[in-house]
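Understanding the architecture of this molecule
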Amino acid sequence: MNKYFILIGISILIIGGGIFYRTVLLSEADRPVETGVVRNFKIVARKDEWKWEPETIEVERGDRLKIEIVNEDDYDHGIAIDAFGVSQRMPARSTINVEFVATQLGDFQYYCSVPCGEGEVDGVKRTHFDMIGVIKVRPATIPVP
Ligand SMILES: [Cu+2]
């Protein structure tokens, strides 16, 4: 048999298997989703406060998040969202942008990934480890296409 037919046959098997796996075998919760909804957010690391503002973001599963992240400090921070593969350094007084689809349900932390010291804010000690926020991903209320 012509080797090209064999190659084409194998390609069809692989692609078909992938489609079958994603549409039939994967459980509902694990299937890739994107609702087409885009949500813009801005997260700010306030100057010398060791705090993200806001500390909570609520979205629906399948939303595409476009987040502008501002570092007001004169030293570096970082932003990490493990669940969605985000990890980026933020140089002093910089703004970065991250974008991803909230594919999983649940509460996911975003935190500072660069040791950035500590200080006192209104008489209360705050540190690098206080820079934690949460993205709450709720079930989609619109049907996924
Ligand atoms: Cu830090």
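Calculation notes
- Residues numbered from 1 in each chain as written.
- Predicted model: local features only at pLDDT ≥ 70, side-chain atom pairs only at ≥ 80, totals over all residues.
- Heavy atoms only, no water.
- Donors = N, O, S within 2.8 Å, 3.2 Å for Na, K, Ca; no water.
- Tetrahedral: all angles 85-135°; square planar, octahedral: opposite > 155°, others 65-115°.
- Buried < 20%, exposed > 50% of the residue type's maximum accessible area, 1.4 Å probe, protein only.
- Pairing = 2+ DSSP bridges.
- Helix = DSSP H or I, 4+ residues; strand = E, 2+ residues; numbered from the N terminus.
- Core = buried A, V, L, I, M, F, W, Y, C linked by side-chain atoms within 4.5 Å.
- Contact = heavy atoms within 4.5 Å.
- Polar contact = N/O pair within 3.5 Å; in protein donor to acceptor, adjacent residues only side chain to side chain.
- Patch = residues over 30% accessible without salt bridge, like charges linked within 9 Å, V, L, I, M, F, W, Y side chains within 5 Å.
- Areas by Shrake-Rupley, 256 points an atom, 1.4 Å probe, with all protein chains shown as cover.
- Salt bridge = Lys/Arg side-chain N within 4 Å of Asp/Glu carboxyl O.
- Expected span 1.5 Å × (residues − 1).
- UniProt positions renumbered as here; feature names shortened; annotations may be inferred.

An unreviewed UniProt entry annotates the chain as EfeO-type cupredoxin-like domain-containing protein.

Attention shifts here to the coordination of the copper ion. Here the copper ion is held by C112 (SG), V114 (O), C116 (SG) and H128 (ND1), and the distances to it run 1.8 to 2.4 Å. Considering all four donor atoms around the copper ion, angles at the metal cover 87 to 123 degrees and the coordination shape is tetrahedral. Along the chain, the residues that donate to the copper ion are spaced as C-x1-V-x1-C-x11-H. Given a relative accessible area of 4%, C112 falls into the buried group.

What follows concerns the sheet that holds strand 2 (residues 52-53). Strand-to-strand pairing in sheets goes through backbone hydrogen bonds, with the strands running parallel or antiparallel. Reading across the sheet, the four strands line up as 2-1-4-7 and stay open at both edges, with mixed pairing between neighbours. Whereas interior strands pair on both sides, the edge strands pair on one side only; in this sheet they are strand 2 and strand 7 (95-101).

Moving on, we come to the nonpolar core. Core analysis: the biggest nonpolar cluster contains 26 residues, and W52, I69, I79, I81, F100, Y110 and I135 have the highest contact counts within it. When contributions to this core are tallied by element, the ones reaching two or more residues are strand 1 (38-45), strand 3 (56-60), strand 4 (64-71), strand 5 (77-81), strand 6 (86-90), strand 7, strand 8 (106-111) and strand 11 (132-138).

The topology assignment puts P54 in the loop between strand 2 and strand 3. Taking the C-alpha atoms as reference, P54 lies 19 Å from R89; in sequence the two are 35 residues apart. Excluding residues within four positions of it along the chain, P54 makes contact with K42, I43 and Y110.

Before going further, it helps to spend a moment on the side chain of N71. Within the element layout of this structure, N71 appears in strand 4. At a separation of 3.1 Å, a polar atom in the side chain of N71 contacts the main-chain carbonyl oxygen of P91. Setting aside its immediate chain neighbours within four residues, N71 contacts A45, D76, H77, M90, P91, A92, R93 and S94.

What follows is about a nonpolar patch on the surface. A contiguous nonpolar patch, built from I6, I10, I14, I15 and I19 and spanning about 490 Å² of accessible area, is present on the exposed surface. Along the polypeptide, I19 turns up in helix 1 (residues 3-25).

Here we come to helix 1. Over its 23 residues, helix 1 extends 31 Å from the first C-alpha to the last, a length consistent with the 33 Å expected when each residue adds 1.5 Å. Looking at where helix 1 begins, the residue whose side-chain oxygen comes 2.7 Å from the main-chain nitrogen of Y4 is N2.

Moving on to the UniProt feature "transmembrane region" (unreviewed entry) in the chain. With numbering aligned to this structure, UniProt lists the feature "transmembrane region" (unreviewed entry) at residues 6-25. The distance separating the terminal C-alpha atoms of residues 6-25 is 26 Å; by composition the span is 100% helix and 0% strand.

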